[in-house]
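Understanding the architecture of this molecule
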Amino acid sequence: MYFIIKTVNNIYERMCNIMNESNELILHVYQDAEMACFTLDQLINDLKEKDNKIKKILEDIFKEYETWKQKTKRILQKENEEISQNPLIAKIMAGQSIKKEVKNDNSDSAIADLLIKGISMGTIDMDKKIRAYQEEASKDDLQIAKDFLKFQEKTIAHLKEYL
């Protein structure tokens with residue numbers, strides 16, 4: 001699932017490649033946070049009627065991703081950059097995949113495992129982006145991306161408690 005979403009996102013990013021490299025790094029953080037907000041919201045809604053202990057941590061993670069989304073959105077708006085959303089097809093595919101996974105196994109362990117896998121792939125992609133834009137991006141933008149990566153790694157560590 002993540003591979004398909006990232007492939008669609010990469011194609012979309014290439015089509016919208018009209019901004020400077022520094023802002024591309026911030027856009028990537030924005031798009032990761034935006035997709036995370038979408039999928040976490042979907043997951044929280046799917047678990048609404050269920051008795052999962054992990055729901056509170058999901059809401060906390062959602063709030064943190066929302067903060068990252070808003071922070072990077074403000075930066076992009078300040079730079080007068082076009083803010084491209086994740087493609088609708090990627091969101092639909094992610095939503096369907098989440099529904100399927102929750103229907104198959106909605107245990108806290110399964111939910112944590114699903115999120116850990118998705119966030120782990122995101123950390124790999126973010127690390128690659130940071131390395132790719134090391135020379136082009138501003139110091140501030142690199143720090144934002146590195147802080148976002150640390151947040152993702154911390155989130156994975158916290159979710160491992162539910163495995």
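Our structure is the block above this text.
Below you will find a few notes about this structure.

Calculation rules
- Residues numbered from 1 in each chain as written.
- Predicted model: local features only at pLDDT ≥ 70, side-chain atom pairs only at ≥ 80, totals over all residues.
- Heavy atoms only, no water.
- Phe/Tyr/Trp six-rings, centres within 6.5 Å; stacked < 30°, edge-to-face > 60°.
- Helix = DSSP H or I, 4+ residues; strand = E, 2+ residues; numbered from the N terminus.
- Buried < 20%, exposed > 50% of the residue type's maximum accessible area, 1.4 Å probe, protein only.
- Axes fitted to C-alpha atoms, helices over the stretch in contact; angles between N-to-C directions.
- Parallel < 35°, antiparallel > 145°, perpendicular 65-115°, else oblique.
- Left-handed = near helix turned anticlockwise from the far one by under 90°.
- Contact = heavy atoms within 4.5 Å.
- Nonpolar A, V, L, I, M, F, W, Y, C, P; charged D, E, K, R; others polar.

**Concerning the packing of aromatic side chains**
As enumerated under the stated definition, the model contains five aromatic pairs in all. Taking the centre distance of 5.9 Å and the plane angle of 70 degrees together, the rings of Y65 and F148 count as edge-to-face. Residue Y65 is found in helix α3 (residues 55-78), and its partner F148 is found in helix α6 (residues 139-159); the two are separated by 83 residues along the sequence. Taking the relative accessible area as the measure of exposure, F148 reaches 0% and is therefore buried. Taken together, the ring pairs in this structure connect Y65, W68, F148 and F151 into an aromatic cluster.

**Here we look at the packing of helix α5 (residues 108-132) against α6**
Where α5 contacts α6, the axes come no closer than 9 Å and their chain directions differ by 160 degrees. Overall, the two elements α5 and α6 adopt an arrangement that is roughly antiparallel. As for how α5 packs across α6, the hand of that crossing is left-handed. Where α5 abuts α6, its residues A112, L115, I116, I119, S120, G122, T123, M126, D127 and I130 lie against L142, A145, K146, F148, L149, Q152, E153, T155, I156 and L159. Its residues assigned to classes, the contact of α5 with α6 comprises twelve nonpolar, five polar and three charged.

Structural measurements only, silent on function.
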